[in-house]
Amino acid sequence: MKALCNRDGLLAALGMVSGVVPARSPKPILQNVKLVADAEEGSTLMATDLEVGIRFRVLGIKVDQPGSVILPTVRINQILRTSNDDELAIETEGDQLIVRGLRSEFILNLEDPDLFPEVADFGAQAYHSVNAADLRKLIRRTIFATDIESTRYALGGVLVELTDETITMVGTDGRRLARAIAPAEAENGAMSPTGSPVIPVKALKLIERNLDDGELKVHLAFQSGNSVLVRTERSVIYSKLVEGRFPRYQDVFPSGMDVKIPMEAGTLLQQVEAASIFTSEESRGVDFNFSAGTLTLKSQADVGKSRVELPIAYDGKDVEITFDPRYLSDALKTLDPMAHVTAELIDRKNAAVFRTDDQYTYVVMPLTRDR
Amino acid sequence: MPWGSIRGHDKIVELLRTGMTRGRFPHALLFVGPEGVGKRTFARRLAQCLLCERNPEQDLNPCGICPACLQVGAGAHPDLVEVRRPDEKHELPIAVIRDLNHDLSLKPSKGVRKVAIVDDADDLNDEAANAFLKTLEEPPPGSVLILIGTSAEVQLDTIVSRCRVVRFDPLNEVELASVLIEHGIASTPEEARRLAKLGDGSVGRARGLADTTLNAFRRDLIDELASPQSFDPSSLARKLETFSKEAGKESIDQRNRASLLIGELARFFRAVLWQTAGLEAPSPDPADNRAARLLAERLEPEDVMILADRCLQADYQVGRKANLGLIIDSLCHDLGALILADSAHR
């Protein structure tokens, strides 16, 4: 192989794929990335830890002789960072790999590129497509509610449901549940995936980093209930799915909510954070007292107490309920500060539901408190 | 690779096959038996059976040539997870088990199941064992977990109760001798027979004893103990310790060598015991028998029993990671006290 690479382009690509490279692994080959230089198809940089894999299109590579090479992630990153050339030549010569700048030359051992595990490519003809910005929003609004430490494997990821018109993502850790819905389209007669596919958190973070806010479409395809492939503008991401059965989340949404209180996300977040200043590991709760015209937040810890008020458009009966403030702020942080949030309550023993105008639903279990 | 190349464990294959055809194949197996009888090789072969792409799993008969079988053989199958104690550690730490749990939490990439092999299960520390319980009790559907250790007794009860314990017997001498030749550990049939006798059914032990420097040291050690002149226990201890430390930088290598030698001492005292009863011990080494005869003339059978027992105790302590220097010191001191006192008495 012989190619002239734009340093910034390669560095950007390496930054994107190196997150997948495992820090330690029983299979040393995985600590490398693989560069495939091809003038016609475009050059690709790939990395995998066998759980998640990514193929990322590298820009600014002029290919003299097509081919592929294994690049040691850490070293190549150092070479790219310390160099001040605009372009670096990468070529193989005998059993050596040579990276050459204007006034520098690095010689590395050449490894057989075929030893690198195959990183799956997006081959599906039938798939679902979603706006990049929407998918990104869905991931952000659900990923924080998962529990990767749980022995219930399915809670370590986000459930994805696809129909001809919508994509629904659900994350839960058993104490709270976030569901976000966005429009989707089935292309070429794509069927809804079988079973309940759960994408692990690690892969979701990677996907999110590869999405930008444009109107561009992202393609999703599930393979035989075992893995998912996501194609964005410049990358293809592969991930194994999580084992286990996702809880029947539909049963979690309470019914018979008679108290509905409209609020603004940014203001509520600010007051929740103010009220949570005096909370500790032992007394995590913040008491929410909804009364006509005012929401009063109170918290108490050994070191002091706080009381914050917030005017609300509400004139029904008083409701008192205690929440872990982190659970609320986790969700509120993902919303636009000006967004409308409606809190729906029954009483202080039942789950509370927060809804936005754009099909985001967040269910939180209240804390019990000795009074 | 058919089962044929794994010797001496046909009964276990039959047992597992019966379980499989009746649909009662256990999801967690604990392989126990002496070091070096082929448990690891057996576990890999079993993994091939379970992951083979050609032959149905009910047959427990891997084809050995499909990509899955080859990948398992090379340790590269994506659905086979193998973990073991890190080389520089004495314990199998919790981080390894947590990673394993995580690996098992994802769907298999090729087939319908994952197979996990946990080697050095004897060295699971309590935290790691406890972190494993939940997964061991209820692994993802289809998964099979294989733990490899020497004895079920060193495991937590909670681990044992979650596994089907499979006992591996020591190999018999004929089988062991042919394995030794196959692996190139012994070059001649005579050498193989000698090592097979010494190996106590364990390929690992025979391999250790095939070391010529170790063999020479063993000879000196036994002759010194048996020599009519009295020996100095503390210089003997020093020699033994220095020689153990020469095995390598890692304490695990040093312990292995010490354990081999102490085991040989125990075997020697057993031979002495035979001699006190007027019998020739079935030892492959005539020099051993000569030395045993010399000692038998000087010692009471009761004391020989104690000596052999003391060696076994020291070997156990080596396994339990007590301070090596102390073990050797106190062993040599006790041996000296008994042998020299008895000799003086006569």
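Each chain has its residues counted from 1, running along the sequence as written. Lettering for chains starts from A, numbering for ligands starts from 1, and both go in the order in which the items are written. Per-residue local features are limited, in this predicted model, to residues with pLDDT of at least 70; the limit for side-chain atom pairs, both in listing and counting, is 80 or more; totals at the level of whole chains, interfaces and linings are taken over all residues. Remark: hydrogens and water are excluded; side-chain values derive from all non-hydrogen atoms of the structure.

Topic: the overall build of chain B
Okay, step 1: Check the secondary structure of chain B and you find 15 helices and 5 strands.
Okay, step 2: On the principal axes, the C-alpha backbone points of chain B span a range of 70 × 40 × 35 Å.
Okay, step 3: Per-residue burial for chain B yields a buried fraction of 49% across its 346 residues.
Okay, step 4: Contact between two residues is taken to exist if any of their heavy atoms lie within 4.5 Å; hydrogens are not considered. Partitioning the intrachain contacts of chain B with sequence separation of at least 6 by distance along the chain shows that 71% fall at a separation of at least 24.
Okay, step 5: Looking at chain B as shown, the accessible area adds up to about 16100 Å², and 52% of this sits on carbon and sulfur atoms.
Okay, step 6: A distance of 4 Å separates the average location of the 44 positive side-chain charges in chain B from that of its 52 negative side-chain charges. Numbering of helices and strands runs from the N terminus, with a helix taken as a DSSP run of H or I at least four residues long and a strand as a DSSP run of E at least two residues long. In this scheme, a residue with accessible area under 20% of its type's maximum is buried, one over 50% is exposed, and one in between is partly exposed, where area comes from a 1.4 Å probe on protein chains only. For accessible areas, the Shrake-Rupley method is used with a probe of radius 1.4 Å. Any residue's cover is judged against the shown protein chains and nothing else. His is not counted here, nor are the chain ends, while Lys and Arg score as positive and Asp and Glu score as negative. Here the site of a charge means NZ on Lys, CZ on Arg, CG on Asp, or CD on Glu.

A short note on the interface of chain A and chain B
Okay, step 1: Every contact between the two is made by 13 residues of chain A and, on the other side, 20 residues of chain B.
Okay, step 2: Among the residues chain A hides against chain B, the three largest losses belong to Tyr153(A), Lys240(A) and Glu243(A). Together they make up 44% of the total.
Okay, step 3: Polar contacts, as counted here, are pairs of nitrogen or oxygen atoms within 3.5 Å of one another; within protein the pair requires one atom able to donate a hydrogen and one able to accept it, and residues that are adjacent in sequence qualify only if both atoms are side-chain atoms. Here chain A and chain B share 4 residue pairs in polar contact (both at pLDDT 80 or more) between them.
Okay, step 4: Partitioned by chemical class, the residues of the side of chain A that touches chain B number 5 nonpolar, 3 polar and 5 charged. A simple way to read buried area is as the amount of 1.4 Å-probe accessible surface that goes missing from two parts once joined, with both sides added. Under this grouping Gly is polar, as are all residues other than the nonpolar Ala, Val, Leu, Ile, Met, Phe, Trp, Tyr, Cys and Pro and the charged Asp, Glu, Lys and Arg.

Digging into the environment of Leu240(B)
All names here are of chain B.
Okay, step 1: Relative to the helices and strands, Leu240 is located in helix H11 (residues 233-245).
Okay, step 2: Spatially, the C-alpha atom of Leu240 lies 8.6 Å from that of Leu261, the residues being 21 residues apart in sequence.
Okay, step 3: Those residues in contact with Leu240 that sit more than four places away from it in its chain are Phe217, Leu221, Leu261, Ile328 and Cys332.

Remarks on unusual backbone geometry
Residues and elements named next belong to chain A.
Okay, step 1: The phi torsion at Leu50 lies on the positive side, around 75 degrees, for a residue other than glycine.
Okay, step 2: Tracing the backbone shows Leu50 in the loop between strand S3 (43-48) and strand S4 (52-58).
Okay, step 3: The phi dihedral of Gln359 falls on the positive side, at around 60 degrees, and the residue is not glycine.

Some remarks on the side chain of Ser151(B)
Residue and element names in this part refer to chain B.
Okay, step 1: Locating Ser151 in the fold gives a position in the loop between strand S4 (144-149) and helix H6 (157-160).
Okay, step 2: Looking at Ser151, its side chain comes within polar contact range of the main-chain nitrogen of Glu153, at 2.9 Å.
Okay, step 3: Not counting chain neighbours up to four residues away, the residues in contact with Ser151 comprise Val32 and Asp122.

A look at the environment of Ser291(A)
Residues and elements named next belong to chain A.
Okay, step 1: Position of Ser291 among the secondary structure elements: in strand S20 (residues 286-291).
Okay, step 2: Taking the C-alpha atoms as reference, Ser291 lies 8.6 Å from Glu320; in sequence the two are 29 residues apart.
Okay, step 3: Contact partners of Ser291, with chain neighbours within four places excluded, come to Ile312, Tyr314 and Asp318.

With respect to the packing of aromatic side chains
All names here are of chain A.
Okay, step 1: Ring pairs are drawn from Phe, Tyr and Trp, using the six-membered ring of Trp, whenever the two centres fall within 6.5 Å, and their geometry is named by plane angle: stacked under 30 degrees, edge-to-face over 60, tilted for the rest. The tally for this structure, following the rule as stated, stands at 12 aromatic pairs over all chains.
Okay, step 2: Taking 6.5 Å as the distance between ring centres and 20 degrees as the angle between the ring planes, the aromatic pair formed by Tyr360 and Tyr362 counts as stacked.
Okay, step 3: Assessed through its relative accessible area of 2%, Tyr360 is described here as buried.
Okay, step 4: What makes Tyr362 buried here is its relative accessible area of 2%.
Okay, step 5: Ring-pair connections join several aromatic residues into one group, and the members of that group are Phe288, Phe290, Phe323 and Phe354.
Okay, step 6: By definition, being over a ring means that NZ of Lys or CZ of Arg is both within 6 Å of the ring centre and within 35 degrees of the ring normal. Of note, Arg176 hangs over the ring of Tyr327, and the distance from its end group to the ring centre comes to 4.4 Å.
Okay, step 7: The cationic tip of Arg231 hangs over the ring face of Tyr127; the distance from NZ or CZ to the ring centre is 5.5 Å.

Notes on the domain arrangement of chain A
Residues and elements named next belong to chain A.
Okay, step 1: If you check the domain split of chain A, you get domain 1 (2-115), domain 2 (127-250) and domain 3 (253-364).
Okay, step 2: A domain assignment, automatic or from a database, supplies the domain bounds used here. Inter-centroid distance (C-alpha atoms) of domain 2 to domain 3 is 28 Å.
Okay, step 3: With 14 residues of domain 2 at the contact, the number on the domain 3 side is 14 residues.
Okay, step 4: For the pair domain 2 and domain 3, the two sides together bury roughly 1400 Å², of which 47% comes from carbon and sulfur.
Okay, step 5: Broken down residue by residue, the surface that domain 2 buries against domain 3 is led by Arg141, Arg176 and Arg179, which jointly contribute 45%.
Okay, step 6: Salt bridges are defined as contacts in which a side-chain nitrogen from Lys or Arg sits within 4 Å of a carboxyl oxygen from Asp or Glu. On the surface where domain 2 and domain 3 come into contact, there are 3 salt bridges.
Okay, step 7: With a closest N to O distance of 2.9 Å, Asp330 and Arg176 form a salt bridge.
Okay, step 8: Connecting domain 2 to domain 3 are 9 residue pairs in polar contact (both at pLDDT 80 or more).
Okay, step 9: The set of elements that each furnish at least two residues to the side of domain 2 that touches domain 3 consists of helix H3 (132-143) and strand S13 (176-183).
Okay, step 10: Examining the composition of the side of domain 2 that touches domain 3, we find that 6 residues originate from one element, S13, more than from any other.

Topic: the environment of Gly293(A)
Okay, step 1: Checked against the element boundaries, Gly293(A) lands in the loop between S20 and strand S21 (294-301).
Okay, step 2: Apart from residues lying up to four places away in sequence, Gly293(A) is in contact with Leu310(A), Pro311(A), Ile312(A) and Tyr314(A).

A short note on the domain arrangement of chain B
Reports often express the size of an interface as the amount of accessible area lost when the parts come together.
Residues and elements named next belong to chain B.
Okay, step 1: Taken domain by domain, chain B comprises domain 1 (3-167) and domain 2 (211-345).
Okay, step 2: Here the C-alpha centre of domain 2 lies 37 Å away from the C-alpha centre of domain 1.
Okay, step 3: With 6 residues of domain 1 in contact, the opposing surface of domain 2 contributes 6 residues.
Okay, step 4: Contact between domain 1 and domain 2 buries roughly 430 Å² in total, counting both sides, with carbon and sulfur atoms accounting for 50%.
Okay, step 5: The interface formed by domain 1 and domain 2 includes 0 residue pairs in polar contact (both at pLDDT 80 or more).

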